[in-house]
Amino acid sequence: DTAVSQTPKYLVTQMGNDKSIKCEQNLGHDTMYWYKQDSKKFLKIMFSYNNKELIINETVPNRFSPKSPDKAHLNLHINSLELGDSAVYFCASSQGGAANYGYTFGSGTRLTVV
Amino acid sequence: QQPVQSPQAVILREGEDAVINCSSSKALYSVHWYRQKHGEAPVFLMILLKGGEQKGHDKISASFNEKKQQSSLYLTASQLSYSGTYFCGTEVGYQKVTFGTGTKLQVIP
């Protein structure tokens, strides 16, 4: 009965590889997000989708590409991984926009690039 | 623009009170508060939408000032379970929540 689930929980990979993180929510929310949390715990928004439509695309290298096949899923694909990509990536969802509703976060994916 | 949180860290003994502040240079549509325990996801505490609003549950409450540029989180009679990093998240438009730098709270027996 997990509300927002991410896989994998841990990801260790070499520089230059391509990897994907998957996110699914069963809350019926129509907006989903990707946030990156760095080693200093700073949470920075990357992308947001509303009903499969991209609505926020922050200044993120184009090696990062989100995909939302339906409103319950938002995946993140990363090409040519770099050391600086090491971080915890959180998926989140909300009912409607962020103005009126809080986020439900997934448990995070700790990505380590070596 | 990232909101400014203060203090950066605080240590409390069980039963003591704490206040965490979150300030923005612009008027906000909303303020969110979250708590994140070590190695876990942030958990939503509450959202404030209106200037002058106060909201709370149990012994954790928050306020949003009239100009909607500052919010404070109040933790009273702290418990060990309150330990974690508290984040405010602010929305100035575009359906985007920008998080503050966090306040690390440690409650000791």
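Placed above this text is the structure.
Residues numbered from 1 in each chain as written. Chains lettered and ligands numbered in written order. Predicted model: local features only at pLDDT ≥ 70, side-chain atom pairs only at ≥ 80, totals over all residues. Heavy atoms only, no water.

Just to check I follow, could you spell out the interface of chain A and chain B for this structure?
Interface size is commonly expressed as the accessible surface area that is lost when the partners come together. Residue-level contacts link 20 residues of chain A with 19 residues of chain B. Summing the contributions of chain A and of chain B, the shared interface buries around 1,700 Å²; its carbon and sulfur component is 60%. The interface formed by chain A and chain B includes one salt bridge. Inspection of the chain A/chain B interface yields four residue pairs in polar contact (both at pLDDT 80 or more). Listed by contribution, the elements that provide at least two residues to the side of chain A that touches chain B are strand 4 (31–37) and strand 5 (43–50) of chain A. For the side of chain A that touches chain B, the element with the most residues is strand 4 of chain A, which contributes three residues. A class-by-class count of the residues in the side of chain A that touches chain B yields 12 nonpolar, six polar and two charged. (Contact = heavy atoms within 4.5 Å. Buried area = accessible area lost by both parts, 1.4 Å probe. Salt bridge = Lys/Arg side-chain N within 4 Å of Asp/Glu carboxyl O. Polar contact = N/O pair within 3.5 Å; in protein donor to acceptor, adjacent residues only side chain to side chain. Helix = DSSP H or I, 4+ residues; strand = E, 2+ residues; numbered from the N terminus. Nonpolar A, V, L, I, M, F, W, Y, C, P; charged D, E, K, R; others polar.)

Looking at this model, I keep getting lost on the state of the cysteines. Mind explaining?
Disulfides are covalent bonds that connect the sulfur atoms of two cysteines. Residue and element names in this part refer to chain A. One pass over the full model with this rule turns up two disulfides over all chains. Paired by a disulfide, C23 and C91 hold their sulfur atoms 1.9 Å apart. The chirality of the disulfide connecting C23 with C91 is left-handed, given an S-S dihedral of about -75 degrees. Here C23 is found in strand 3 (residues 19–25), whereas its partner C91 is found in strand 9 (residues 87–94), with 68 residues between them in sequence. (Disulfide = S-S within 2.5 Å.)

Just checking my understanding: could you explain the side chain of D30 of chain A for this structure?
Residue and element names in this part refer to chain A. Counting through the fold element by element, D30 comes out in the loop between strand 3 and strand 4. Despite its burial, D30 pairs with no opposite charge; the closest candidate is K71, at 5.4 Å N-O. There is a polar contact of 3.2 Å between the side chain of D30 and the side chain of T31. Aside from chain neighbours lying at most four places away, what touches D30 is Y49, N50, N51, K71, S94, Q95 and G96. (Buried < 20%, exposed > 50% of the residue type's maximum accessible area, 1.4 Å probe, protein only. Lys, Arg positive; Asp, Glu negative; His and termini not counted.)

Explain the pairing of strand 3 (residues 18–23) of chain B here, please?
The side chains of a regular strand alternate between both faces of the sheet. Residue and element names in this part refer to chain B. Burial of the side chains of strand 3 is restricted to one face: A18, I20 and C22 are buried, whereas none of V19, N21 and S23 on the reverse face is. Summarising the sheet, strand 1 (residues 4–6) and strand 3 pair through three bridges and their orientation is antiparallel. If you follow S6 over to strand 3, its bridge partner there is N21. One ladder, built from six bridges, connects strand 3 with strand 8 (residues 70–75); its direction is antiparallel. The residue bridging A18 from the neighbouring strand is L75, located in strand 8. (Pairing = 2+ DSSP bridges.)

What exactly am I supposed to notice about the sheet that holds strand 1 (residues 4–7) of chain A here?
For sheets, the rule is that strands pair by backbone hydrogen bonds, running either parallel or antiparallel. Residue and element names in this part refer to chain A. Ordered in space as 1-3-8-7, the four strands form an open sheet in which the pairing is antiparallel. One side of each edge strand has no neighbouring strand; the edge strands of this open sheet are strand 1 and strand 7 (64–70). Ignoring which end each strand starts from, the neighbouring axes of this sheet average 15 degrees apart. As paired strands, strand 3 and strand 8 (residues 73–78) are joined by four bridges and run antiparallel to one another. Following the sheet pairing, I21 is matched in strand 8 by L76. (Axes fitted to C-alpha atoms, helices over the stretch in contact; angles between N-to-C directions.)

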